[in-house]
Amino acid sequence: MKRIFLSLCMMLCFLGGQVTAQELELEKTYKISRASKRGYLAGLDYDASAKTYTLTYFTDQKKNTFKYEQYVFDVDFNFIEDRELQEEAEKMKKKFKWFRFKGEEYVTLGNTVENNMMGTLVLRKKKITSKYNFLIGGYSKKVDILEKVKPKTDDGNTYTLITHAEDDMTGDLFVLASVKPKMSAKGNEDAGAVRLLKFNSDLDLVKTTDFNFPYFQSLAFVRATDKPNFDDPENPGIENIVFIFAPSNAGGKKTTDPNNNNYTYIKVNNEGAITQRLNFNSPSSYWSVHEMIYTENGEEYFYGPALAGKDKYYNEGAKPGVTIGGFGSGEVKYKAVQLMKVVNGKMIYLTETTLDEFKAKQKFPPNQRKTPDYEGREFGIRSYRFASNGDLFVLGQNYDKTREGYINKFEDVLGFQFDANGKLKAQYGLDTKEKGITVETDTQYGLTYKTITTTTSVYACPQTLIEGTDGNIYWILQEIKGLGPGKKLLTYPRIGRVNMKSSDLSELKTFGKGDGYYLHPDYPFLETDKRETLVFFGADKPGKELWFARVKLK
């Protein structure tokens, strides 16, 4: 059998023609056993030659032996057969690619990094005990902290941690740190220097890379790119680490770059050596880089809001708004968005889009009353997608914060479309139907009392974009209704279409909610060979009745 891929370009088959609406073509349900309902959907496979779906539910486990139930459906979701099986883990590993059982319990050693109370870098060994739980299809972990090490420079100075990354394949530890000055006046020649320290899994220092900045810097962004781990895909290694630095005036005039827009891009490999370095002028001196998107052909895109018009240094920061009496939104209000493309260490473009430009290019569904748009507020990124013509879509959601800085509500959904040169083509605004807020109540009883604990959680809507062969983009918004058994999110889909020629956005059509069916959190979409269709998969709220829905997009 071939595992169902979660890549939506595989799930949507041969979209073509002019799509005018999204219509439900086929919908079926099936009740599973009590054992399966209490268990865990561990795998969902599609056999393209037999045109069948096979669902595998773990129902019990004793050491290395698993009990499971399987349900087989044809491509039109008709039930074919079910079966109950009991097998050893080693046999299941050969049968199921998704089954990554490493034993009932295993121990690994790793490292952790922190600054102590004096601001000194401290490395610690840690022991991670992983115990398998078939009800979650994975391992729960217990971490014990072991001995500590304080790294020092050759002349005895210690370091202050800036950030770090651990390679889960090799156990190597990459620590970005600054040299901490001594209390004495001597031996502080390199104080404040920024260095990348590479330690092996035994915490031996194997390489030190000095970034050799002429002036003080602030770290604006860091991201490690993954190196595939074919033996254990859930624990990838590190291929490269990308840093972006901005000038800082924290050290006084002598150590301050007079050009506060002079940003620095640095890429290091997994040996800790610098492979690419680039200085560039950021339109804004404060650019909050939120994300790096990297492609297989080596393109890197950096996205984030900026304080256009401000001339402060990065370390002076973007301050949340404060109202009378000290009660504020806890949010930063930005003035623009910047997008940068880098290829092989060279900047291809760096654009700045102001709030006025966003306002001028608003697009909404025709009958939507509310007209949400980007107003410079903090913006929770949910998804990215490149279209075949090179356009970049950035999807996210506005949110509100408390005065302490905690998110207490997600609001309107926004989408930005940039062309192949980084220029804004359209801003899309969607009014969500659900608030994405769940309330859980836990009651504990004593002899003469009871205690009720209420927990309120806030969630952002999952969003996905897929492209048809007609060149149009289909936007799937998963509205959050609440929590189901096992505290899993209950989401139902709404689908709209972006016309790539006119940048118009269609009405969104809802599926599943009216009948009380919700998407499966791990397998919301299924592969299909039916032309111009998308298949949703889920169940009712209790998880007793499976739900299949094939939507025709033409």
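In this report, we go over the structure that sits alongside the text. (Residues numbered from 1 in each chain as written. Predicted model: local features only at pLDDT ≥ 70, side-chain atom pairs only at ≥ 80, totals over all residues. Heavy atoms only, no water.)

Quick look at the overall build of the protein now. When helices and strands are counted, the protein shows 4 helices and 36 strands. Within the protein, the fraction of its 554 residues that count as buried is 50%. Residue pairs in contact within the protein that sit at least 24 positions apart in sequence constitute 55% of those at least 6 positions apart. For the protein, the computed accessible surface area is about 27,100 Å², with 48% contributed by carbon and sulfur atoms. (Helix = DSSP H or I, 4+ residues; strand = E, 2+ residues; numbered from the N terminus. Buried < 20%, exposed > 50% of the residue type's maximum accessible area, 1.4 Å probe, protein only. Contact = heavy atoms within 4.5 Å. Areas by Shrake-Rupley, 256 points an atom, 1.4 Å probe, with all protein chains shown as cover.)

Our next topic: the nonpolar core. A general trend in soluble globular proteins is that nonpolar side chains are found buried together. By size, the foremost hydrophobic cluster in this structure holds 38 residues, and its most contacted members are Ile244, Phe280, Trp287, Phe302 and Phe416. Ignoring anything within four residues of it in the chain, the contact list for phenylalanine 280 reads Ile244, Asn261, Asn262, Tyr263, Thr264, Tyr265, Trp287, Met340, Met347 and Leu350. Counting residues in each nonpolar core, the second largest holds 18 residues, with Leu26, Phe77, Tyr523 and Leu526 among its members. (Core = buried A, V, L, I, M, F, W, Y, C linked by side-chain atoms within 4.5 Å.)

Attention shifts here to the pairing of strand β25 (residues 407-418). Burial runs high along β25: 9 of the 12 residues are buried. Bridge analysis of strand β24 (residues 392-401) against β25 gives 9 bridges, and the strand direction is antiparallel. Looking across to β25, one finds that leucine 392 is bridged to phenylalanine 418. The hairpin formed by β24 and β25 contains 5 residues between the paired strands, and glycine 405 there has a positive phi angle of roughly 95°. (Pairing = 2+ DSSP bridges.)

For the structure shown, the criterion picks out 1 cavity of 30 Å³ or more. When contributions to the lining of the largest cavity are tallied by element, the ones reaching two or more residues are β10 (159-166), β11 (173-179) and β15 (237-247). A per-element tally of the lining of the largest cavity places β10 first, with 3 residues. (1 Å grid on protein atoms, 1.4 Å probe; cavity = no way out; pocket = protein on both sides within 12 Å on 5 of 7 lines; lining within 4 Å. Points joined across faces, edges and corners; volume = space filled by probe spheres on them.)

In this structure the tally under the stated criterion is 25 salt bridges. Taking the shortest distance from any N to any O, the salt bridge between arginine 550 and glutamate 25 comes out at 2.7 Å. Pair noted here: arginine 550 is in strand β36 (residues 545-552) and glutamate 25 is in strand β2 (residues 23-31), with a separation of 525 residues, a long-range link. Classification of glutamate 25 as partly exposed rests on a relative accessible area of 37%. (Salt bridge = Lys/Arg side-chain N within 4 Å of Asp/Glu carboxyl O.)

This model, assessed by the stated rule, comprises 43 aromatic pairs. Seen from their ring centres, tyrosine 68 and phenylalanine 96 are 5.9 Å apart, and the 80° between their planes marks the pair as edge-to-face. With tyrosine 68 in strand β5 (residues 65-74) and phenylalanine 96 in the loop between α3 (89-95) and β7 (105-115), the pair connects residues that are 28 residues apart, well separated along the chain. With relative accessibility at 1%, the residue tyrosine 68 sits in the buried group. When the ring of phenylalanine 358 is compared with that of tyrosine 374, the centres are 5.1 Å apart and the planes differ by 65°; the resulting orientation is edge-to-face. A residue pair is termed long-range when its members are at least 10 positions apart, and phenylalanine 358 in helix α4 (residues 355-360) and tyrosine 374 in the loop between β22 (362-363) and β23 (379-386) qualify at 16 residues. Look at phenylalanine 358 and you get buried, because its relative accessible area is 0%. On the basis of relative accessible area, tyrosine 374 is assigned to the buried category, the value being 2%. Within the aromatic cluster, the residues linked to one another by ring pairs are Tyr30, Tyr46, Tyr53, Tyr57, Tyr71, Phe73, Phe77, Phe79, Phe537 and Phe548. Lying across the ring of phenylalanine 213, arginine 277 places its NZ or CZ 5.0 Å from the centre. (Phe/Tyr/Trp six-rings, centres within 6.5 Å; stacked < 30°, edge-to-face > 60°. Lys NZ or Arg CZ within 6 Å of the ring centre and 35° of its normal.)

Note that every value here comes from positions in space, so none of it alone points to a role or purpose.
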